[in-house]
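Take a look at the letters that make up each chain.
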Amino acid sequence: MTEPKPFIGVNRQLIERIDSLDEKWFVEIWIIKYYFFGIEAFIQKREIVKHNRANRAKLEAVN
C-alpha cells in the first residue's frame with residue numbers, strides 16, 4: 001500500500017507506541033516526511049514522550 005504524496009506539505013505516520021511499565025507515560029515514534037512539488041524533500045524521525053491523562057490530572061492536583 002502506498003501512502004499519498006501531497007504536492008506541497010507534510011505526511012505524518014505513527015510507527016510505534018511504547019507504554020512505560022508503570023503506565024504513567026508513553027512514547028510515540030513518528031516518521032514525518034516533507035514534500036515539495038510532489039518530491040520527498042526531507043524525512044524526520046521524532047520520538048514524543050507524553051503523560052497519560054489520568055496521571056496528568058493527579059500531577060495537576062498535587063501542584
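Anything mentioned here points back to the structure above.
Residues numbered from 1 in each chain as written. Predicted model: local features only at pLDDT ≥ 70, side-chain atom pairs only at ≥ 80, totals over all residues. Heavy atoms only, no water.

Points about the side chain of Lys-33
And step 1. When you line up the elements, Lys-33 lands in strand S2 (residues 25–36).
And step 2. Judged by relative accessible area, Lys-33 falls into the buried class, the value being 17%.
And step 3. Excluding residues that lie within four positions of it along the chain, Lys-33 makes contacts with Glu-3, Gly-9, Val-10, Asn-11, Glu-40, Phe-42 and Ile-43. (Helix = DSSP H or I, 4+ residues; strand = E, 2+ residues; numbered from the N terminus. Buried < 20%, exposed > 50% of the residue type's maximum accessible area, 1.4 Å probe, protein only. Contact = heavy atoms within 4.5 Å.)

Points about the packing of aromatic side chains
And step 1. Per the counting criterion, the structure on display carries three aromatic pairs.
And step 2. Arranged with centres 5.3 Å apart and planes meeting at 80°, the rings of Phe-7 and Phe-37 form a pair that is edge-to-face. In this pair, Phe-7 is assigned in the segment before strand S1 (8–19) and Phe-37 in the loop between S2 and strand S3 (39–51), connecting sequence segments 30 residues apart.
And step 3. Residue Phe-37 is classed as partly exposed on the basis of its relative accessible area of 48%. (Phe/Tyr/Trp six-rings, centres within 6.5 Å; stacked < 30°, edge-to-face > 60°.)

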